[in-house]
Amino acid sequence: MPSVPSVPQVVAHRGASEENAEHTLLAYVKALDAGAEGLECDVRLTADGHLVCVHDRDLRRTAAKRGLVSTSNLEELEELDFAAWKNPWADLDDEAPERDRTYDGVLTLRKLLETVADYDRRVEVAIETKHPTRYGGLVEKRVCEMLHDFGWVEPTGGGPSPVRVMSFSHTALQRMERLAPKVPVVQLLDKAQYWPLLRRVMGPDWIVGPGIELLTEHPRLAERIAGSGHDVHVWTVNTEAELRRCQELGVRAVITDRPAYVLGLLGK
Ligand code: G3P
Ligand code: CA
């Protein structure tokens, strides 16, 4: 365990998603305004091959629609409101801002990356590919093509790419590493028993991303991961106790639904 607590990077999980509808442009703009140093987003492919920031496979929870992201075209998704579920009474509130599809509609990965690229300070993006195995590598290929468009696959000037790719799927990360060896990858971990196997097959520079519950249930896990030479990024860190525990363990990044609160606790 490090003698000095770490000061982790603060990454907004699905945007500032405690107070705003997750994965909307509004949630990300609020996170940026709060000072978030990184943004986390889940990506899925639409039927017509666009990468959109949506967590669930189906549209019911966040867009009140029957159907799947993977069988919908982007144009169909653009008609949906992805924020009403979070504040269903907004239409009855005279003070509430008008609904605006730019801020409450479906968010494409391209629009999110453009927002980050145009921002006036460096912001990192942690892209999580969801169910990538189903498409035989197409998700990673599309992510990689998009990063090329932004010049973030082989960043010039020697600096590291502002983007990293995360997945629970080891196969997906291996593919990503083959396509873009300079883009960091994060092996997400939701069960401690996977660690002994994963540590033998992952690259030396891979980052490891355990859930905060794992670190509570297995007090020595973070130490073991760090002892193998891997940086540790933890999700989803929403309380002061969780944050302080991460700092004691030397965690390098925390992914949180409450970026303003966590930044405040860190005095940033
Ligand atoms: O940051 C990793 C974390 O987001 C993984 O879980 O379900 O929130 O995508 P989930
Ligand atoms: Ca995620």
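From a predicted model like this one, the values you see are computed outputs, not experimental measurements. All residue numbers refer to positions counted from 1 along the written sequence of the respective chain. Think of it this way: whatever chain is written first is A, whatever ligand is written first is 1, and the rest follow in order. Residues qualify for local features only when their pLDDT is at least 70, as the model is predicted, and side-chain atom pairs are given and counted only at 80 or more; totals for whole chains, interfaces and linings, by contrast, use all residues. To obtain the side-chain values, all non-hydrogen atoms of the structure were included, while hydrogens and water were left out.

Trainee: Go over the overall build of the protein chain with me, naming the residues and quoting the values.
Mentor: Helix and strand counts for the protein chain stand at twelve helices and nine strands. Only the C-alpha atoms count toward the radius of gyration. The rule for a globule is 2.2 Å times the residue count to the power 0.38. A compact globule built from 268 residues would reach a C-alpha radius of gyration of about 18 Å, and the protein chain, at 18 Å, matches this within 12%. Summarising its shape, the C-alpha atoms of the protein chain cover approximately 55 × 40 × 40 Å along the three principal directions. Partly exposed residues are those whose accessible area sits between 20% and 50% of the maximum for their type, while under 20% is buried and over 50% is exposed, using a 1.4 Å probe and protein chains only. When burial is assessed residue by residue, the protein chain has 51% of its 268 residues classed as buried. In this analysis, two residues are considered to be in contact whenever any of their non-hydrogen atoms come within 4.5 Å of each other. Across the protein chain, the fraction of contacts at a sequence separation of at least 24, relative to all contacts at a separation of at least 6, is 60%. Working definition of accessibility: Shrake-Rupley area with a 1.4 Å probe, residue cover restricted to the visible protein chains. Total accessible area on the protein chain stands at roughly 13000 Å², and carbon and sulfur atoms take up 49% of it. Only DSSP runs of H or I covering at least 4 residues are called helices, and only runs of E covering at least 2 are called strands; the numbering of each starts at the N terminus.

Trainee: Account for the pattern of salt bridges, naming residues and giving values.
Mentor: Pairing is possible between side chains that carry opposite charge, provided their charged atoms lie close to one another. In what follows, salt bridge is the name for a side-chain nitrogen of Lys or Arg lying within 4 Å of a carboxyl oxygen of Asp or Glu. Scanning all chains against the criterion turns up 22 salt bridges. Notably, a salt bridge pairs E18 with R258, separated by 3.3 Å at the nearest N-O pair. Placement of the pair is E18 in the loop between β1 (9–13) and α1 (25–34) and R258 in the loop between β9 (253–256) and α12 (259–265), with a sequence separation of 240 residues. Of the charged contacts, one joins R61 and E22 as a salt bridge, the two residues approaching to 2.8 Å between their closest N and O atoms. With R61 in helix α2 (residues 60–63) and E22 in the loop between β1 and α1, this pair connects stretches of sequence that are 39 residues apart. Residue E22 is classed as buried on the basis of its relative accessible area of 10%. Counted as one network, the salt bridges with shared partners bring together R14, E22, D42, D56, R61, E128 and K130.

Trainee: Which residues make up the coordination of the calcium ion (ligand 2), and what are the values?
Mentor: Metal-coordinating donors are taken as N, O and S atoms lying within 2.8 Å of the metal, or within 3.2 Å when the metal is Na, K or Ca; because water is left out, some sites can appear incomplete. Bound to the calcium ion (ligand 2) are the protein donor atoms E40 (OE), D42 (OD) and E128 (OE), situated 2.1 to 2.2 Å from the metal. Considered as a linear motif, the donors of the calcium ion (ligand 2) on their single chain read E-x1-D-x85-E. Each of the two residues, E40 as well as D42, counts as buried.

Trainee: Requested: an account of the site of ligand 1, with residues and values cited.
Mentor: Proximity is defined per residue: any heavy atom of the residue falling within 4 Å of a molecule or strand makes that residue near it. Around ligand 1, the neighbouring residues are H13, R14, E40, D42, H55, E128, K130, M166, F168, L188, W235 and I255. The definition of a polar contact used here is a pair of N or O atoms within 3.5 Å, where within protein one atom must be able to donate a hydrogen and the other to accept one, and adjacent residues in sequence count solely through side-chain atom pairs. Side-chain polar atom of R14 to an oxygen atom of ligand 1: 2.7 Å apart, as the coordinates give it. Between ligand 1 and the protein, one listed contact pairs an oxygen atom with a side-chain N or O atom of E40 at 2.9 Å. Its free accessible area being 290 Å², ligand 1 has 89% of it covered by the protein chains. Basically, the charged four are Asp, Glu, Lys and Arg, the nonpolar ten are Ala, Val, Leu, Ile, Met, Phe, Trp, Tyr, Cys and Pro, and anything else, Gly included, counts as polar. Split into classes, the residues belonging to the shell around ligand 1 amount to five nonpolar, two polar and five charged.

Trainee: A description of the pairing of β1 should follow, citing residues and the corresponding values.
Mentor: Taken across its five residues, β1 has five buried, putting it largely inside the fold. Side chains Q9, V11 and H13 project from β1 onto one buried face, and the interleaved V10 and A12 project onto a second face that is buried too. At least two bridges found by DSSP between two strands is the condition for calling them paired. Of the strand pairs in this sheet, β1 and β9 are connected by four bridges, and their pairing is parallel. Its bridge partner lying in β9, V11 is registered against I255. Here β1 runs beside strand β2 (residues 38–45); their pairing, made up of three bridges, is parallel. Paired with H13 across the two strands is E40, which belongs to β2.

Trainee: A description of the environment of L188 should follow, citing residues and the corresponding values.
Mentor: On the secondary structure map, L188 appears in strand β6 (residues 185–189). Exposure remark for L188: the relative accessible area of 4% places this residue in the buried category. Spatially, the C-alpha atom of L188 lies 15 Å from that of V237, the residues being 49 residues apart in sequence. What L188 contacts, discounting residues up to four positions off in sequence, is E128, M166, S167, F168, G209 and W235.

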